[in-house]
Amino acid sequence: MALRVQTEVSLKVKAGMEFLPVVTAFAEKASVALGLGGPESLAITLATEEVFVYLCAADPAHGPVDVRCWRGAYYVEEEFLFQARELNLAAFNLTAQPSLHSDRGFEDTGLLIASRMVDRFRVSTDDAGFHLTLVKEKNYPPLDETILPEPAALKSFSVRAPDPDELKVLIRLILKHHRKLILPPAFNFPGKVVDMAAAGELSALVAADSAGHLGGCILFRRLGMRMVEFFGPYLFNQPPGSGMARALGEACIAAVARSSIVGLISRYPSPDLPVEYFEALGDLTYRSPEGEPLEIGAYYRDMGEDPGSVVWTHPELEDFLRREYRRLFFAREIREARLEGEASSPNSVLAAEFDRGQGFVTLRPVWWGNDAEQTVNGYVKILCKEQIPCIFFEMDLGRAWQSHFATALVRNGFQPRVVIPYGGKGDLIIFQHSPGDCES
Amino acid sequence: MRNFSVQELLPEYVKHFEPYVPSKPDSELMKLYGCSHVFRLNNNENPLGPPPAAQEVIRSFPPRRAAVYPSGDAYQLRRALAEKFHKDPEQFIVGNGANEVISFVIKAFCAPGNNIVTADKTFAVYEWVAQFSGFEARLVPLKDYAFDDWGMMEQIDERTKLVFICNPNNPTGTYWNCDKLARFMDAAGRRLIVVLDEAYFEFVEAKDFPNGMDLIGEYPNLVVFRTFSKMYGLAGLRIGYLAGNTEVVDAVRRTCVVYSVNGMAQEAALAALEDDEHIHRSRLLVKEGKDFLRRELTRLGLPFITGEGNFVMIRLPFSDTLAYRKLMTKGVMVRTMTGFRFPNHIRVTVSHMEAMQAFIEAMEQVLAEFRGGCRRSG
């Protein structure tokens, strides 16, 4: 379960336009060397150009900029590390509208273009400075129409890791037998799943007989530093009482035991989930392919004895949290995070992760700013206009600044629904937007 | 800061190993879980504490002695151990708890490319120390809750240097009897070291249980671990030891850190060693507690496994880690077994009757809530 394949190249320049060709050439060559195809490499190169131009304008002192590129299992990440007193990253918002009436507007247009050229981005700060990271994924061929033999009930089985070819068969079987479930978008690309597994970003266990017939599987991946998310168990034509789902569940737990992982989570459980091993955290509302509301429960288990922890919250959320922690028997010290006149950024930034196939989007805070309410409102308007039925917002209670979004969320029609223990730096609250508020 | 990367300094096998985070102190846990007292049934500690003579040593330990280094190799204690077990003092190494002697043995015998063989569902430290030292730990599934002798034999190859057998096994209490151990030792031959961890030896009642100390003469590649943490109630002072053939122990001594065992621990252990009455009283307490638990767990309909040792492993119809949180709110601390790869099991230390009754009462309430919840949802 390695976090990153350690293949990395780096460049250090000053934030001056004379270095722009160097930086773009670096991005292009590095991304190709690290495995991106032509169109993806071009996209991250263009994004790099826009970001660097923006940094040159934002830093008149022409301070140093470190650019690092590294290869993940199925993507390339590029990080810019730089010093800046203040940075307006609002253009990274999905809602950003370029202004053509000022220089600032033109600069922001570049950032807006950059954000649209890559699959994901994130921003953070530490003692070293600002980190702005762009992520571009490899392109994979779509699923073909391979016809698979129908699996039969197995008389006996054992649980083991599948080989790459078995893994691709398993993904096809999942898509065939469990298409009605919510599945990770990566499952639409078996090659991507194999790459993720090879890099340790995804693990799989298969229940198979000694002749190699496949009966079921479970897949799991790291979610942040302390959580593992699992998918399944998925069974293929196995009779009730086969014990296969339980064996797969136990094997998944055993694979994660004796590590630093504190919890296992299933956000999209299969009907075969052995629920006696897990705790029901609460439901989120999704939409069926026919458009009907679908309540889906999230299941969790601690991997060890919960030592308790501190969470930060806004007063608006305190009652909800106390109720949930009491119901779930989690020992938490709840601390109030409030703004007390300290200087803060005028602009807030959110990241949006889309799963258009399943009809939902997850918003995550990237940066807090005084315009949080307008930013959230802008996102809601756009997503409602795009008729995305399910809008979620994840707030990390281990990061005090994220709790400042609480009022903006509540005023824009979001409700706290589920607490995922240790889902982020601390516990994670998942908010869901009330569909009715789209219509108002 | 940018040019300093701890990750680049770490060997690969350490990079992928995660730090163990011990639980918070009881006072902190009580505050978090809102309980006013806590019965510690999680670490297989002896509720009687150390034997009286050891308690007296601790009480009368002169504070000024804290300024003086202890015996670097537990000279007096090794002599006493030699006398008790009819061996030479050079056949013993005393460590800062049995965990330290596990490290000594692995460091002494394993080189890059070597492996150790043990069970998958047993005391975790053999596996951990091997892995964070860069050696493969081959884990053999238990068979009927016990170490699988032939399964382990199949995993042994020319690169295997150590086999760890926890006898009786923590947490199942199963054990290899004299015949089974002898068969294994004969089959394994003498090209590897077999470690017999007898941390719970003094609690054992079974007549056919092998005494590793008696087998060292016959099997020069056998190393026996014992501890003062369990029966002798000195867990807080951290002291344990290994015994073996003189040549083997001499090899292990090359990797030892001397002066790692404090003076009070050495003296308390010395005083504890001869107290057979303490062993007798502790065994009586364990027998009484186990009888009570067997009866009550059967009444509650909870399957359990109890063999040798001062603990019982119980299967729950729900998550063990959820049970831990619920029991903590009722002032009872148990050990969850997910980390031992027994999900939905808890291990309970057999303790004095007040604690046993508190555990059963709390468990009964938790079960009632669970069964009530099942009825409502069913």
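Here the structure is a predicted model, which is why all the values come from computation and not from measurement.

The rules behind the values
- Residues numbered from 1 in each chain as written.
- Chains lettered and ligands numbered in written order.
- Predicted model: local features only at pLDDT ≥ 70, side-chain atom pairs only at ≥ 80, totals over all residues.
- Pairing = 2+ DSSP bridges.
- Helix = DSSP H or I, 4+ residues; strand = E, 2+ residues; numbered from the N terminus.
- Axes fitted to C-alpha atoms, helices over the stretch in contact; angles between N-to-C directions.
- Contact = placed C-beta atoms within 7 Å.
- pLDDT = per-residue confidence, 0-100.

Enquirer: Can you help me understand the sheet that holds strand S15 (residues 349-355) of chain A in this one?
Expert: Residues and elements named next belong to chain A. Taken in spatial order, the five strands make up an open sheet running S15-S16-S17-S19-S18, and their pairing is mixed. Of all strands in the sheet, those bounded by a partner on one side alone are S15 and strand S18 (414-420). Within the sheet, the average angular offset between the axes of one strand and its neighbour, ignoring direction, is 30°. With four bridges joining them, strand S16 (residues 360-367) and strand S17 (residues 390-396) adopt parallel strand pairing. Bridge pairing in S17 places Val 361 opposite Ile 391. Sitting on the sheet, helix H8 (residues 372-385) touches S15, S16, S17 and strand S19 (428-433), and the angle it makes with S15 is about 25°.

Enquirer: It is not clear to me how the confidence of the model for chain B should be interpreted in this structure. Could you clarify?
Expert: Reading fine detail from the predicted coordinates is not recommended where pLDDT is low. Put simply, chain B has an average pLDDT of 94, and 97% of its residues get 70 or more. This prediction of the complex comes with two scores: 0.86 for pTM and 0.85 for ipTM.

Enquirer: Quick question: what am I supposed to make of the sheet that holds strand S6 (residues 158-160) of chain A here?
Expert: Residues and elements named next belong to chain A. Spatially, S6-S7-S8-S9-S10-S12-S11 is the arrangement adopted by the seven strands of the open sheet, whose pairing is mixed. Every interior strand has two partners, whereas the edge strands, S6 and strand S11 (279-287), have only one. Sheet twist, expressed as the mean angle between neighbouring strand axes with direction ignored, is 25°. As defined by bridge partners, strand S7 (residues 203-208) adjoins strand S8 (residues 214-223) across six bridges and the pair is classed as antiparallel. Note on S8: the bridge partner recorded for Ala 208 is Leu 214.

Enquirer: Teacher, can you tell me more about unusual backbone geometry here?
Expert: The phi angle of most residues is negative, glycine excepted, and most peptide bonds adopt the trans form. Of note, the bond from A:Gly232 into A:Pro233 is cis; its omega dihedral lies within 30 degrees of zero at -5°. If you trace the backbone, A:Pro233 turns up in strand S9 (residues 227-235). Note that the residue after B:Asn170, namely B:Pro171, is joined by a cis bond; omega there is 25°. With respect to the helices and strands, B:Pro171 occurs in the loop between strand S5 (160-166) and helix H9 (178-188). Although it is not a glycine, A:Arg258 sits at a positive phi angle of roughly 60°.

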